[in-house]
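# Examination of the molecular architecture
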Amino acid sequence: MASLDTLPPDQRAVLSLILKQDRTYSEIAQVLRIDEDTVRSRAHAALAALGPRATPLTGERQSELADFLLSQQPASARAAARAHLERSASARAWARVVASELRPLAGDALPDIPTEGAEMDEAFDALQARTAVRADAARSSRLGGILLLTGLGILIAVVLILVLSGGSSNKSDNAVAPTPSPASTQGASTTSTQPQIIGQVNLAPPHGGKALGVANLLAQGGQRALAIQAQGMTPSTSRSFYAVWLYNSASDSQRLGFAPPVAKNGRLQAVAGLPASASRFHQLIITRESARQPSQPGPIVLGGALSIPAA
């Protein structure tokens, strides 16, 4: 996956004219004295390079989404692209990664990427469950709790043990949780306002590899959470599993909890409420652990720069 700085100059020039000067493909073709198809081809190649390499999307679909992100479509095509984003998790994942890479040029000018209702509902049903668990923990003087949530239709196990103690300690007493049953989440309430994506972390392996992930920072009613999705992960075993950390260094980190076991498909999904201290950490990492209570992060599998505004 490339960055803006590593794109060829002709591709960067086209993106700059589109995103900074709000030019169309046709206008850029006139300015550069080249044909419009060449301009479009450069723009599509740039966004393909910025996006994740491991994606099920066809080249034609990526081109459609590229035109959507660059606001280069008529209303009917824009509506069709948006409808596809609403239906397809892989399309949303690709578009979010590309949009994050374009933000240094585009600022807030990029179109919103729709979020499937189930994604938002899962994240904030989890936060409501976390709030209830924290209240129970306070009454019983326990420091650990379990976050339980379900998906729509069939149950999707998206479980993360949360750190319920405050401060910047890198220790907690969480343990791997079992997959919840549907009855586990009965009684969890939902909030009335629509949760919003307020940030994104692109997760990549520090030394190369096929794994790739994205974490969306969600906010609703004063609560914040991370919704994490990754692919290309090595399956978990009884002696090797994944943990999620807020991270500055090995000695300055805070474990959010353990992710659900990764199956043979290599996909990881997890949702975690963020502690009040989250804004002081500069990275989000996913590590491979063998200890049930690691005091420091194990080998980093995925990581990305984290920027969370103070609560």
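Residues numbered from 1 in each chain as written. Predicted model: local features only at pLDDT ≥ 70, side-chain atom pairs only at ≥ 80, totals over all residues. Heavy atoms only, no water.

### What to know about the overall build of the chain
Counting its regular elements, the chain contains seven helices and 10 strands. Counting contacts in the chain only where the partners sit at least 6 residues apart, residues at least 24 apart contribute 63% of the total. Working note: accessible area of the chain is about 14900 Å², and carbon and sulfur atoms make up 51% of it. (Helix = DSSP H or I, 4+ residues; strand = E, 2+ residues; numbered from the N terminus. Contact = heavy atoms within 4.5 Å. Areas by Shrake-Rupley, 256 points an atom, 1.4 Å probe, with all protein chains shown as cover.)

### Some details on the sheet that holds strand β9 (residues 283-289)
Taken in spatial order, the four strands of this open sheet run β7-β6-β9-β10, and their pairing is antiparallel. If you trace the sheet from one side to the other, it starts and ends with β7 (252-258) and β10 (300-305), each paired once. Here the average twist between neighbouring strands, direction ignored, is 20°. Note: strand β6 (residues 241-249) against β9, seven bridges, orientation antiparallel. Looking across to β9, one finds that A243 is bridged to T287. (Pairing = 2+ DSSP bridges. Axes fitted to C-alpha atoms, helices over the stretch in contact; angles between N-to-C directions.)

### Re unusual backbone geometry
Of note in this structure, D22 is not a glycine but carries a positive phi near 60°. With respect to the element layout, D22 can be found in the loop between α1 (9-21) and α2 (25-32). Phi at S71 is positive, roughly 55°, even though this residue is not glycine. A relative accessible area of 49% means that S71 is categorised as partly exposed. (Buried < 20%, exposed > 50% of the residue type's maximum accessible area, 1.4 Å probe, protein only.)

### Re the packing of aromatic side chains
Tallying each qualifying case throughout the model produces one aromatic pair. Pairing F241 with F258 gives two aromatic rings, centres 5.5 Å apart and planes at 80°, and the pair type is edge-to-face. In this pair, F241 is assigned in strand β6 and F258 in strand β7, connecting sequence segments 17 residues apart. Taking the ring centre of W245 as reference, the NZ or CZ of R255 above it sits at 5.8 Å. Above the face of the F281 ring, R280 is positioned so that its terminal group lies 4.3 Å from the ring centre. (Phe/Tyr/Trp six-rings, centres within 6.5 Å; stacked < 30°, edge-to-face > 60°. Lys NZ or Arg CZ within 6 Å of the ring centre and 35° of its normal.)

### Things to note about the pattern of salt bridges
Counted by the stated rule, this structure contains five salt bridges. Where D37 meets R40, a salt bridge forms, and the shortest distance between an N and an O atom there is 3.1 Å. Of this pair, D37 and R40 both sit in helix α3 (residues 36-50), separated by three residues, roughly a single helical turn. When its relative accessible area of 55% is taken as the criterion, D37 is described as exposed. (Salt bridge = Lys/Arg side-chain N within 4 Å of Asp/Glu carboxyl O.)

### Quick look at the confidence of the model for the chain
Of all residues in the chain, 73% have pLDDT values of 70 or greater, and the mean over the chain is 75. Long-range and interchain partners of residues 120-124, a stretch whose pLDDT sits below 50, account for 18 contacts in this model, where long-range means more than four residues apart. In this model residues 137-192 is a low-confidence stretch, pLDDT under 50, and it forms 129 contacts with partners more than four residues away in sequence or in other chains. (pLDDT = per-residue confidence, 0-100.)

### Let's talk about the environment of A91
Mapped onto the elements of the fold, A91 is located in helix α6 (residues 89-106). Linking A91 and L65, residues 26 residues apart in sequence, is a C-alpha distance of 8.0 Å. If we skip the residues at most four places from it in the chain, A91 touches L57, L65, H84 and L85.

### Digging into the side chain of Q73
As for its position among the elements, Q73 is in the loop between α4 (59-69) and α5 (75-87). Of note is the side chain of Q73, whose polar atom sits 3.1 Å from the backbone oxygen of E64. Q73 has contacts with E64, D67, F68, R78 and A81, leaving out every residue within four places of it along the chain. (Polar contact = N/O pair within 3.5 Å; in protein donor to acceptor, adjacent residues only side chain to side chain.)

### Side note on the packing of α4 against α5
Helix packing geometry: the angle between the two helix axes and the distance between the axes. Closest axis-to-axis distance for the α4/α5 pair is 10 Å, and the angle between their directions is 115°. One element, α4, and the other, α5, form an angle in the roughly perpendicular class. Note that α4 runs across α5; the crossing there is left-handed. Contacts between α4 and α5 pair R61, E64, L65 and F68 from the former with R78, A80, A81, R82, H84 and L85 from the latter. Partitioning the contact of α4 with α5 into residue classes produces five nonpolar, one polar and four charged. (Parallel < 35°, antiparallel > 145°, perpendicular 65-115°, else oblique. Left-handed = near helix turned anticlockwise from the far one by under 90°. Nonpolar A, V, L, I, M, F, W, Y, C, P; charged D, E, K, R; others polar.)

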